[in-house]
Amino acid sequence: SKFKNAIWVDQCSVHDAIEGAKAIYTVNSGVGMEAILHEKPVVVFGEAEYDCVTERGNLKNMDEVWRSIKNMDLDAMKDRYRKFVDFFVNYCVDSKSVRIVS
């Protein structure tokens, strides 16, 4: 309640929340990876597997972080995200050992 730009939401699909967001700010949550899959701008304040393709958070200058998001080249961001996801999936998942469970 002390922040006019923030609201608390319970019982909400993370996908619905991401879809409605202009950007995702996170420390190192899996929500950041979900936001990458949704092709939303992501700001990371900690360390995550995906922080190499996201914006770096700066708690001392949140206005600067927001300006960076607003001026972001979204096509370049999506290209970085797609390359990262392709690498991540190919590096982390051995598709030869995956089995379909019926």
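Residues numbered from 1 in each chain as written. Predicted model: local features only at pLDDT ≥ 70, side-chain atom pairs only at ≥ 80, totals over all residues. Heavy atoms only, no water.

(A) A look at the pattern of salt bridges. In the structure shown here, the tally under the stated rule is three salt bridges. For Lys83, the salt bridge goes to Asp79, with nearest N and O atoms at 3.1 Å. Of this pair, Lys83 and Asp79 both sit in helix α4 (residues 74–92), separated by four residues, roughly a single helical turn. Residue classification places Asp79 among the partly exposed positions, given a relative accessible area of 38%. (Salt bridge = Lys/Arg side-chain N within 4 Å of Asp/Glu carboxyl O. Helix = DSSP H or I, 4+ residues; strand = E, 2+ residues; numbered from the N terminus. Buried < 20%, exposed > 50% of the residue type's maximum accessible area, 1.4 Å probe, protein only.)

(B) Up close: helix α2 (residues 30–37). Taken together, the buried positions of α2 are occupied by Gly32, Met33, Ala35 and Ile36. Buried positions in α2, seen along its axis, are confined to an arc of 160 degrees and lie on one side of it. Counted as exposed and oriented over 90 degrees from the buried face of α2: Gly30 and Leu37. For α2, the secondary structure elements touched by its buried residues are α1 (14–20), β1 (24–26), β2 (42–44) and α4. The N-cap of α2, judged by a side-chain oxygen 2.9 Å from the amide nitrogen of Val31 a few residues on, is Ser29. With its phi angle positive at about 60 degrees, Glu39 sits one or two positions after the end of α2. (Arc of directions from axis to C-beta. Contact = heavy atoms within 4.5 Å. Polar contact = N/O pair within 3.5 Å; in protein donor to acceptor, adjacent residues only side chain to side chain.)

(C) Structural view of the side chain of Thr54. Here Thr54 shows up in the loop between β2 and β3 (55–56). Look at Thr54 and you get buried, because its relative accessible area is 12%. Among the polar contacts made by the side chain of Thr54, one reaches the main-chain carbonyl oxygen of Asp51 at a distance of 3.4 Å.

(D) Geometry of the nonpolar core. If you look at the biggest cluster of nonpolar residues, it comprises 19 residues, and the most contacted ones within it are Ile24, Ile36, Val42, Tyr50 and Tyr81. In this structure Tyr50 touches Thr26, Asn28, Ser29, Gly32, Met33, Ile36, Val42, Val44 and Phe84, once residues within four positions along its chain are discounted. (Core = buried A, V, L, I, M, F, W, Y, C linked by side-chain atoms within 4.5 Å.)

(E) Quick look at the sheet that holds β3. Spatial ordering of the open sheet is given by β1-β2-β3, a layout of three strands whose pairing is parallel. Edge positions in the sheet fall to β1 and β3, since each of these pairs with one other strand and no more. In this sheet, β2 lies alongside β1 in parallel orientation, the contact comprising three bridges. Within β2, the position partnered with Thr26 by the bridge is Val44. Helix-sheet contacts for helix α3 (residues 62–70) involve β1, β2 and β3, and the interaxial angle to β1 is about 140 degrees. (Pairing = 2+ DSSP bridges. Axes fitted to C-alpha atoms, helices over the stretch in contact; angles between N-to-C directions.)

(F) Representation of the packing of aromatic side chains in the model. On inspection of all chains with the given rule, the structure shows three aromatic pairs. Ring centres of Phe87 and Tyr91 lie 5.5 Å apart, and the angle between their planes is 10 degrees; on these two criteria the pair is classed as stacked. Of this pair, Phe87 and Tyr91 both sit in helix α4, four residues apart, which is roughly one turn of the helix. Each member of the pair, Phe87 as well as Tyr91, is classed as exposed. (Phe/Tyr/Trp six-rings, centres within 6.5 Å; stacked < 30°, edge-to-face > 60°.)

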